[in-house]
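The primary structure of each chain is shown beneath.
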Amino acid sequence: MSIEAVNPATGETVRTYDEMTPQQTAAAVAESHEAWTAWRKTSFAERAKPMKKAAAILRERKTEFAKLMAIEMGKPLKQGIAEVEKCAWACEYYADNAESYLSPEMTKTDASKSYIAFDPLGVVLAVMPWNFPFWQVFRFAAPALMAGNAGVLKHASNVPGCALAIEDIFAHAGLPKNVFRTLLIGSKQVKAVIEHPLVRAVTLTGSTPAGKAVAAQAGAVIKKTVLELGGSDPYIVLEDADLDHAVNTCVTSRLINSGQSCVNAKRFIILEPLLARFTDRLVAAMRTKKMGDPLAEGTEIGPQARTDLRDDLHKQVVESVVKGAKLLLGGEVPPGNGSYYPPTVLTDVRKGMPAYDEELFGPVASIIKARDEADAVRIANDSIFGLGAAVFTADIARGERIAREIEAGCTFINTLVASDPRLPFGGIKEAGYGRELGSYGIKEFVNIKTVYIK
């Protein structure tokens, strides 16, 4: 079997890799476990050295890595550079803060001494997606490795070069051999890795169906999971919002990574008095965005990562229009090579349409009318997902109150939703469970151990 990297801008095969055999995969897991038995005993200061070196390598080679992302999954070059820089930030953040997050917590009880310790679990399997091929991995790896765990990575099959590059970064940073491994395997081998007796936990970022499958497989062998899955983030724009700021932020969020992010703005819930003005300005702003070669300067929207994903997105748009949505911009597959899809705007979006009910993973904005604030909150919560959300209003107290009413893992006021190493990130409902990042993220893959001395 082979794993093939295909340039989505041209449709050409970049490189073909041999898939690891099941025997090679099992051996790699065992080698990571063996490396972990020594790594777990290292001090936080010792762990921080390769983590900070990894940050330096990322910054030194950021353009190289951004080009690799552009070639394998179509990310515009400028966005790829920003992604690599964010990975360096995460490495440094956990190098600096892991010890304070995981220091024993002294607790007064009837004992002469009692405390809570945070011990590493062992080998953690990371099943990661293609859309942020560096950031998704580093936001798992930086806290997990600093906590004293080992990591094995099953990356998306269309970004094998990125997966191997990340392994190489850690190796050159001085991380002990096999503490972090890339497994060049397809999805059919994931179940066996989850079931491997030396794998202690699993983290997955990806689609909701993939999350359900991994959760079921891990649950069958009693292994903890953290899942960051799909999202259909609502952006509520209230009647007192700064309209220009709201529109610009909504467009920026919707088009990040060519629309391929779990926390892109996807459903624009607009109060009726603002609807016409918001719609006109959103369409005008979306129309100006430049789609093209992700390696070219000035490109804001690259191709979709794969042609099948582009075609699925188009089917969702077409079905929504058939069911009554109004197409204001885009909505047509462009001719020529590459998996491109233009900025698209749908209005008159209602329940029962894919643009309302499903996640549209591409540069498509769905505009939904709300009668009033209460109706806007109702619509925001009328989703199987609950990852991110945003509220735009001049009244901050009002925005905070609404933020607490929205069913989501995070709600941002007057700005776009984004992950930050300092804050926990994750969702509820079918957007997943558990948290990455912040102090909560590093504690997901540790044994929270009570120590009691009489």
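Everything discussed here concerns the structure shown above.
Predicted model only: the values in this text are computed from it and were never measured.

### Comments concerning the pairing of strand β11 (residues 265-271)
So, step 1. For β11, the tally of buried residues reaches 7 of 7 residues, placing the bulk of the element in the interior.
So, step 2. Where strand β10 (residues 233-237) and β11 come together, 5 bridges link them in parallel fashion. Residue Pro-234 lies in a different strand from β11, and its bridge partner there is Arg-267.
So, step 3. Note that the unit made of β10, helix α9 (residues 243-255) and β11 has a crossover that is right-handed.

### Digging into the packing of helix α5 (residues 135-146) against helix α6 (residues 160-173)
So, step 1. The geometry of α5 relative to α6 is characterised by a closest axis approach of 12 Å and an angle of 30° between their N-to-C directions. Taken as a pair, α5 and α6 cross one another with a handedness that is right-handed. Only Ile-166, Ile-169 and Phe-170 of α6 make contact with α5, whose side of the interface consists of Val-137, Phe-138, Ala-141 and Leu-145.
So, step 2. In terms of residue class, the contact of α5 with α6 is made up of 7 nonpolar, no polar and no charged.

### Quick word on empty space enclosed by the protein
So, step 1. Counted by the stated rule, this structure contains 4 cavities of 30 Å³ or more.
So, step 2. The computed volume of the largest cavity comes to approximately 90 Å³.
So, step 3. Forming the walls of the largest cavity are 14 residues, and the residues nearest its centre are Phe-140, Pro-143, Glu-436, Gly-441 and Phe-445.
So, step 4. It is α5 that contributes the most residues to the lining of the largest cavity, 4 residues altogether.
So, step 5. Here the residues of the lining of the largest cavity are counted per class, giving 7 nonpolar, 3 polar and 4 charged.
So, step 6. In this model, the second largest cavity occupies a volume close to 50 Å³.
So, step 7. Taken together, Ser-232, Asp-233, Pro-234, Arg-267, Ala-380, Ser-383, Phe-385, Gly-386, Leu-387, Gly-388, Glu-407 and Ala-408 make up the full set of residues lining the second largest cavity.

### Focus: the side chain of Asn-264
So, step 1. Looking at where Asn-264 falls in the secondary structure, it is placed in the loop between α9 and β11.
So, step 2. A polar atom in the side chain of Asn-264 sits 2.4 Å from the backbone oxygen of Ser-253.
So, step 3. What Asn-264 contacts, discounting residues up to four positions off in sequence, is Asp-233, Ser-253, Arg-254, Leu-255, Ile-256 and Gly-259.

### Things to note about the sheet that holds strand β17 (residues 432-433)
So, step 1. Across the sheet, which stays open at both edges, the 6 strands sit in the order β7-β6-β5-β8-β9-β17 with mixed pairing between neighbours. Pairing within the sheet leaves two strands with one partner each, and these edge strands are β7 (180-182) and β17.
So, step 2. Here strand β9 (residues 224-228) pairs with β17 via 2 bridges, running antiparallel. The residue bridging Glu-228 from the neighbouring strand is Gly-432, located in β17.
So, step 3. In the packing of α6 onto the sheet, the strands contacted are β6 (150-154) and β7, and the crossing angle to β7 comes to about 160°.

So, how was this worked out
- Residues numbered from 1 in each chain as written.
- Predicted model: local features only at pLDDT ≥ 70, side-chain atom pairs only at ≥ 80, totals over all residues.
- Heavy atoms only, no water.
- Buried < 20%, exposed > 50% of the residue type's maximum accessible area, 1.4 Å probe, protein only.
- Helix = DSSP H or I, 4+ residues; strand = E, 2+ residues; numbered from the N terminus.
- Pairing = 2+ DSSP bridges.
- Right-handed = clockwise from strand over helix to strand, strands pointing away.
- Axes fitted to C-alpha atoms, helices over the stretch in contact; angles between N-to-C directions.
- Left-handed = near helix turned anticlockwise from the far one by under 90°.
- Contact = heavy atoms within 4.5 Å.
- Nonpolar A, V, L, I, M, F, W, Y, C, P; charged D, E, K, R; others polar.
- 1 Å grid on protein atoms, 1.4 Å probe; cavity = no way out; pocket = protein on both sides within 12 Å on 5 of 7 lines; lining within 4 Å.
- Points joined across faces, edges and corners; volume = space filled by probe spheres on them.
- Polar contact = N/O pair within 3.5 Å; in protein donor to acceptor, adjacent residues only side chain to side chain.

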